[in-house]
Amino acid sequence: EPEVTQTPSHQVTQMGQEVILRCVPISNHLYFYWYRQILGQKVEFLVSFYNNEISEKSEIFDDQFSVERPDGSNFTLKIRSTKLEDSAMYFCASIREEETQYFGPGTRLLVL
Amino acid sequence: DAKTTQPNSMESNEEEPVHLPCNHSTISGTDYIHWYRQLPSQGPEYVIHGLTSNVNNRMASLAIAEDRKSSTLILHRATLRDAAVYYCILNSGYSTLTFGKGTMLLVSP
């Protein structure tokens, strides 16, 4: 069964550094999402992406965040200058049509 | 997104049925009722969804009230691997998922 994959599974970085989280959505899916989950808290929406542009973003998704689909398979989330509060699990999800979202296993980001 | 209300936690014994309730009194006509679950240290996983009629799949059943203001996720025989947080989410089409706190299901052997 096709699945969403994410790399790396874990990343440790220093505050102020840039990080890029990578996702490979399911191949025939059209809509892509990033969510995050701070330890012990709810899963929160960050951004959705369709047709090579952002379709919706939350208040969390400020200027330090960006997303890109650099080729036909990858979908990336970049955090330009990480803060301690960016430590969280980051989940990528994708959807083909009006159905369910398929989530990846997540990247655990730790900012020191 | 319309809001849903779920109990914080529920307990079950292994191999017994589990009924997880969800209230969504402000549901709109285009909202689907989705259930996702999140096992420890994993990403959310789709369980089942429906609009008006009851639904069955290999994982669970979804019973939807006639007025659509509530629904119940039914796990017919709980296993230890079903221990997770279960989220009831209203969603229409491609819109983003708004997760609440969900119901933490504890399954005892």
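Our subject in this report is the structure included herewith. In this text, all values refer to a predicted model and were calculated from it rather than measured experimentally.

Take the interface of chain A and chain B next. Tallying the contact residues gives 21 residues for chain A and 18 residues for chain B. Summed over both sides, the interface between chain A and chain B buries roughly 1,600 Å², with carbon and sulfur atoms accounting for 61% of that surface. Seen at the junction of chain A and chain B, the total is zero salt bridges. Here chain A is connected to chain B by three residue pairs in polar contact (both at pLDDT 80 or more). If you list the elements that add at least two residues to the side of chain A that touches chain B, you get strand E4 (31-37), strand E5 (43-50) and strand E9 (88-95) of chain A.

This brings us to the sheet that holds strand E2 (residues 18-23) of chain B. Residues and elements named next belong to chain B. Here we have four strands laid out as an open sheet, ordered E2-E7-E6-E5, and antiparallel in their pairing. Only two strands of the sheet have a single partner each, and these edge strands are E2 and strand E5 (55-56). Direction of pairing for E2 relative to strand E7 (residues 70-75): antiparallel, over a ladder of six bridges. Each residue of the ladder has a partner; that of Pro21, found in E7, is Thr72.

About the thresholds
Residues numbered from 1 in each chain as written. Chains lettered and ligands numbered in written order. Predicted model: local features only at pLDDT ≥ 70, side-chain atom pairs only at ≥ 80, totals over all residues. Heavy atoms only, no water. Contact = heavy atoms within 4.5 Å. Buried area = accessible area lost by both parts, 1.4 Å probe. Salt bridge = Lys/Arg side-chain N within 4 Å of Asp/Glu carboxyl O. Polar contact = N/O pair within 3.5 Å; in protein donor to acceptor, adjacent residues only side chain to side chain. Helix = DSSP H or I, 4+ residues; strand = E, 2+ residues; numbered from the N terminus. Pairing = 2+ DSSP bridges.

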